[in-house]
Number of protein chains: 2
Amino acid sequence: MSAITSEDSILAIIDRHFPSEHPRLVLGRGDDCCVLATGEALAVSTDLFMEDVHFRRSYFTPEDIGWKALAVNVSDLAAAGAHPAGFSLGLALPRDASTELVDGLFAGMAELAGPLSLPLTGGDLSVADRLHLCVTVFGDITPATSLRRRNASPGDLIFLGGRIGLARVGLKVLEAQGRQAMAVYPEACAAHLRPEPRLRDGMRLGALQAQQDGRISLMDVSDGLARDLPRLLGPLGADLTLPAPHPECLSWAASQVTDSREAAELALKNCWLGGEDYAVVGTCEPRLAATVMTLIPDGAVLGRVTDDGVLRWNGHTASVEGFDHFAS
Amino acid sequence: MSAITSEDSILAIIDRHFPSEHPRLVLGRGDDCCVLATGEALAVSTDLFMEDVHFRRSYFTPEDIGWKALAVNVSDLAAAGAHPAGFSLGLALPRDASTELVDGLFAGMAELAGPLSLPLTGGDLSVADRLHLCVTVFGDITPATSLRRRNASPGDLIFLGGRIGLARVGLKVLEAQGRQAMAVYPEACAAHLRPEPRLRDGMRLGALQAQQDGRISLMDVSDGLARDLPRLLGPLGADLTLPAPHPECLSWAASQVTDSREAAELALKNCWLGGEDYAVVGTCEPRLAATVMTLIPDGAVLGRVTDDGVLRWNGHTASVEGFDHFAS
């Protein structure tokens, strides 16, 4: 492992993974500002990704950290129906950061950014006690394609794109066993370490909303359905049937409790609580339902929006649960 | 002091200082992305502002921290010739953060953002060992008005907008004496705690560049002329006469050394080394010199660009000095 000895050595690593020249950049990195060519409007989202809060270096490789720091932001673009246009990075490194760590971080980011042709528009470097990343992403959008929350009516379809509950199992087994958990729970660990933003879902649904002048809502499931559905639906309620849990969620549940009925129930509850799946959940008016489900080939119908402010799932009546950094 | 008990209580403070509705926001905060109305291009800059790296809570008030975290970013817009359009914030709070701290932070930001009509486009909250802020600013710009570095030729005028050396004295006396230094060095402390971004200079010079199809370069002086001039000029050199040091820089120098000639020299060297002044330094072709100096009424002519790659200031030949977080 070789130590970082200057900011210039970090900038050289960045330039290797993210060339400053890019068709979208009127002016590339290295000046006071980067200048990004824009259209009518830009979707913007910022997420922190912080060591020992959002990830642990004991079981995230540097490449995983770089991937996920960017992926959780790109997931917000997906939820808005935006087309990825660029991102900026605030990176605080521990003083003992190695060249290998920094190179891995940017390699992981480039692995996700490359196929999206997503330029790095610049950022800032500093030192800190732990590894902290702050990513801001930009996406092309128009008012007509912009998907938002709280745009549902009773009777609308509720749909899901992506898995729920898998990343939560990944977190639990990685916390308990470290990376050796990957041998038994490969997909759950991958779901936690390398979430795949559902960009195609968002872009297709945004285009549909604009073409059909349709009522669609969408958000990404970052904190679990239990906490995120109230954010999507506001004062409305829902009648839901969750999809069958992933086999790795079932086998994890079976490892936790001996009774098989209890295990099935635990697996289902795990899907409800979820967290960090970066699936998308949305609603659409009934006339669009068939088209929406065609646009999300691996999607699932979850149920219908109701007007009574209650969330019902598989016979349960839900209380809102989730995660708050500042709750005591 | 009352403790923060939930993210919602922080969001309520933010909403009080930064309403989510704003003419520039197609979609305000509270969704997966904010949507910002844009023109042809957007200037983007990100800066970290981190406790015990960039500021100390022992002598920065919460309002000072909020102001400066945003000001150092807005200064990058000034250097690009951009018109401020919005900003996003990644905020990591220590677990013992009080309501007063959070309220003060956003009050300080709003003090700067309000007169600029700068909306907060969103961001993210987390916990950390120390107070960390990561600001990304957006500014309206066009390729024609965009000011950049490395756009000078030998013979061009070198000019300065703002003070140099004053913030460095502020840092030294605040580090040595804490806030009681403000009694003796009020302007130096203010220069360090509350830098004023030179937005008007940048916007005027950007417009001039576009109108006259002129050769202008500009950057903000964040690390001192000694380190920043080579970034502005690239392989070129400069013959410079620094402006007379500010009276507080002179009295600080006199407090450091007894010999008066040595003190004068120290005060001048302090201007050269500078750091965190957030002045702007630039160059322009000779035909624009008179107009440029009219556009910056409190500006100073520093000298001329040369072709020999050497920086000469007041009889000295400079070595490049400055600050590197990662140098050992």
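Residues numbered from 1 in each chain as written. Chains lettered and ligands numbered in written order. Predicted model: local features only at pLDDT ≥ 70, side-chain atom pairs only at ≥ 80, totals over all residues. Heavy atoms only, no water.

S.K.: Got a minute to help me understand the overall build of chain A in this structure?
M.R.: Helix and strand counts for chain A stand at 11 helices and 13 strands. On C-alpha atoms alone, chain A measures out to a radius of gyration of 21 Å, which is about the 20 Å that the 2.2 N^0.38 rule sets for 328 residues. Along the first, second and third principal axes, the C-alpha set of chain A runs to 60 × 50 × 35 Å. When each of the 328 residues of chain A is scored for burial, the buried share is 60%. Put simply, of all contacts in chain A between residues at least 6 apart along the chain, 84% involve residues at least 24 apart. As displayed, chain A has an accessible area near 12,400 Å², and 51% of this comes from carbon and sulfur atoms. Charge centroids of chain A, computed over 27 positive and 42 negative side chains, lie 5 Å from each other. (Helix = DSSP H or I, 4+ residues; strand = E, 2+ residues; numbered from the N terminus. Rg over C-alpha atoms; globule rule 2.2 N^0.38 Å. Buried < 20%, exposed > 50% of the residue type's maximum accessible area, 1.4 Å probe, protein only. Contact = heavy atoms within 4.5 Å. Areas by Shrake-Rupley, 256 points an atom, 1.4 Å probe, with all protein chains shown as cover. Lys, Arg positive; Asp, Glu negative; His and termini not counted. Charge placed at Lys NZ, Arg CZ, Asp CG, Glu CD.)

S.K.: Any chance you could explain the interface of chain B and chain A here in plain terms?
M.R.: Many structure descriptions define interface size as the accessible area lost when the parts assemble. Contact with chain B, which involves 67 residues of that partner, is made by 67 residues of chain A. Summing both sides of the interface, chain B and chain A together bury roughly 4,900 Å²; the carbon and sulfur share of this comes to 56%. A per-residue breakdown of the area chain B buries against chain A is headed by B:D32, B:V44 and B:F326, which together make up 16% of the total. Between the two partners, chain B and chain A, sit 6 salt bridges. Among the salt bridges present, the one from A:R149 reaches B:D32, with a minimum N-O distance of 3.1 Å. Counting across the interface, chain B meets chain A through 28 residue pairs in polar contact (both at pLDDT 80 or more). (Buried area = accessible area lost by both parts, 1.4 Å probe. Salt bridge = Lys/Arg side-chain N within 4 Å of Asp/Glu carboxyl O. Polar contact = N/O pair within 3.5 Å; in protein donor to acceptor, adjacent residues only side chain to side chain.)

S.K.: Would you mind showing me how to read the pattern of salt bridges here?
M.R.: Residue and element names in this part refer to chain A. All chains considered together, the criterion is met by 44 salt bridges over all chains. A salt bridge links D64 to R179; its shortest N-O distance comes to 2.9 Å. Here R179 lies in the loop between α4 (166–177) and α5 (181–184) and D64 lies in helix α2 (residues 62–80), a separation of 115 residues in the sequence. For D64, a relative accessible area of 4% corresponds to the buried category.

S.K.: Explanation requested: the pairing of strand β6 (residues 132–141) of chain A in the structure shown.
M.R.: Side chains on a regular strand alternate between the two faces of the sheet. Residues and elements named next belong to chain A. Burial of β6 is extensive: 9 of the 10 residues sit out of reach of the surface. Pairing of strand β3 (residues 41–50) with β6 involves 10 bridges; the strand directions are antiparallel. Residue pairing across strands places V44 opposite F138, the latter belonging to β6. Relative to β6, strand β4 (residues 83–93) runs antiparallel, the two being bridged by 9 bridges. The partner of L91 across the bridge, within β6, is L133. (Pairing = 2+ DSSP bridges.)

S.K.: Is there a simple way to explain the packing of helix α2 (residues 62–80) of chain B against helix α3 (residues 99–116) of chain B in this structure?
M.R.: Packed helices, taken two at a time, are described by the angle between their axes plus the distance between the axes. Residues and elements named next belong to chain B. Put simply, α2 and α3 touch, their axes get as near as 6 Å, and they point 40° apart. The angle between the axes of α2 and α3 places the two elements in the oblique class. When the axes of α2 and α3 are compared, the crossing they make is right-handed. Taken together, the residues of α3 that come into contact with α2 (itself represented by P62, E63, I65, G66, W67, L70, A71 and V74) are E100, L101, G104, L105, A107, G108, M109, E111, L112, A113 and L116. (Axes fitted to C-alpha atoms, helices over the stretch in contact; angles between N-to-C directions. Parallel < 35°, antiparallel > 145°, perpendicular 65-115°, else oblique. Left-handed = near helix turned anticlockwise from the far one by under 90°.)

S.K.: Would you mind going over the relation of the copies chain B and chain A with me for this structure?
M.R.: Look at the two chain copies: a rotation about an axis and a shift along it is all it takes to match them. Taken as rigid bodies, chain B and chain A are interconverted by a rotation of 180° and an axial shift of 0.0 Å, the fit giving an RMSD of 0.0 Å. The transformation relating the two chain copies, once decomposed into turn and shift, fits a two-fold axis. Most of the interface of chain B is mirrored in chain A, where 100% of its interface residues are also at the interface. (Least-squares fit on C-alpha atoms with pLDDT ≥ 70 in both.)

S.K.: Just to check I follow, could you spell out unusual backbone geometry for this structure?
M.R.: Excluding glycine, residues mostly carry a negative phi; peptide bonds, for their part, are mostly trans. Residue and element names in this part refer to chain A. Although it is not a glycine, R150 adopts a positive phi angle of roughly 50°. Mapped onto the elements, R150 comes out in the loop between β6 and β7 (157–161). For R150, a relative accessible area of 55% corresponds to the exposed category. Positive phi, close to 55°, is recorded for Y278, a residue that is not glycine. As for its placement among the helices and strands, Y278 is situated in the loop between α10 (260–273) and β10 (279–284). Classification of Y278 as buried rests on a relative accessible area of 9%.

S.K.: Is there a simple way to think about the packing of aromatic side chains in this case?
M.R.: Note on aromatic pairs: each is described by the distance of the centres and the angle between the planes. Here the structure, examined in full by the defined rule, presents 14 aromatic pairs over all chains. Put simply, the rings of A:F49, A:F55, A:Y59 and A:F60 touch in pairs and so form one group of aromatic residues. (Phe/Tyr/Trp six-rings, centres within 6.5 Å; stacked < 30°, edge-to-face > 60°.)

S.K.: Any chance you could explain the sheet that holds strand β5 (residues 120–127) of chain B here in plain terms?
M.R.: Remark on secondary structure: sheet strands pair via backbone hydrogen bonds, oriented parallel or antiparallel. Pairing within the open sheet is mixed, and its 6 strands lie in the order β1(A)-β2(A)-β3(B)-β6(B)-β4(B)-β5(B). Of all the strands in the sheet, the pair left with one neighbour each is β1 (25–27) of chain A together with β5 of chain B. Taking each pair of neighbouring strands and ignoring which way they run, the sheet shows an average axis angle of 25°.

S.K.: Looking at this model, I keep getting lost on the sheet that holds β3(A). Mind explaining?
M.R.: Spatial ordering of the open sheet is given by β5(A)-β4(A)-β6(A)-β3(A)-β2(B)-β1(B), a layout of 6 strands whose pairing is mixed. Only two strands of the sheet have a single partner each, and these edge strands are β5 (120–127) of chain A together with β1 (25–27) of chain B. Going across the sheet, the axis of each strand differs from the next one's by a mean of 25°, ignoring polarity.

S.K.: Would you mind showing me how to read empty space enclosed by the protein here?
M.R.: Take a probe with the size of a water molecule and roll it over the atoms, and the empty space left behind shows itself. The tally for this structure, following the rule as stated, stands at 1 cavity of 30 Å³ or more. What the largest cavity holds in volume is close to 90 Å³. As for the largest cavity, its lining consists of 14 residues, of which A:L48, A:H132, A:C134, B:L48 and B:H132 are closest to the centre. Mapped by element, the contributors of at least two residues to the lining of the largest cavity are β3, β4 and β6 of chain A together with β3 (41–50), β4 (83–93) and β6 (132–141) of chain B. (1 Å grid on protein atoms, 1.4 Å probe; cavity = no way out; pocket = protein on both sides within 12 Å on 5 of 7 lines; lining within 4 Å. Points joined across faces, edges and corners; volume = space filled by probe spheres on them.)

S.K.: So what exactly am I meant to see when it comes to the packing of helix α1 (residues 7–17) of chain B against α3(B) here?
M.R.: All names here are of chain B. Packing of α1 against α3 leaves a shortest axis separation of 9 Å and a crossing angle of 25°. As summarised for this structure, α1 and α3 are arranged roughly parallel, according to the angle between their axes. Considering the relative orientation of α1 and α3, their crossing is right-handed. Of α3, the residues touching α1 (which contributes I10, I13, I14, R16 and H17) are T99, V102, D103, F106, A107 and A110. The class makeup of the residues in the contact of α1 with α3 is 7 nonpolar, 2 polar and 2 charged. (Nonpolar A, V, L, I, M, F, W, Y, C, P; charged D, E, K, R; others polar.)

S.K.: Teacher, can you tell me more about the side chain of B:D277 here?
M.R.: Residues and elements named next belong to chain B. With respect to the helices, strands and loops of the structure, D277 is situated in the loop between α10 (260–273) and β10 (279–284). R168 is the oppositely charged side chain nearest to the buried, salt-bridge-free D277, at an N-O distance of 8.3 Å. A distance of 3.4 Å separates a polar side-chain atom of D277 from the backbone nitrogen of L166. For D277, the residues in contact, after removing those within four places along its chain, are R163, I164, G165, L166, A167 and V221.

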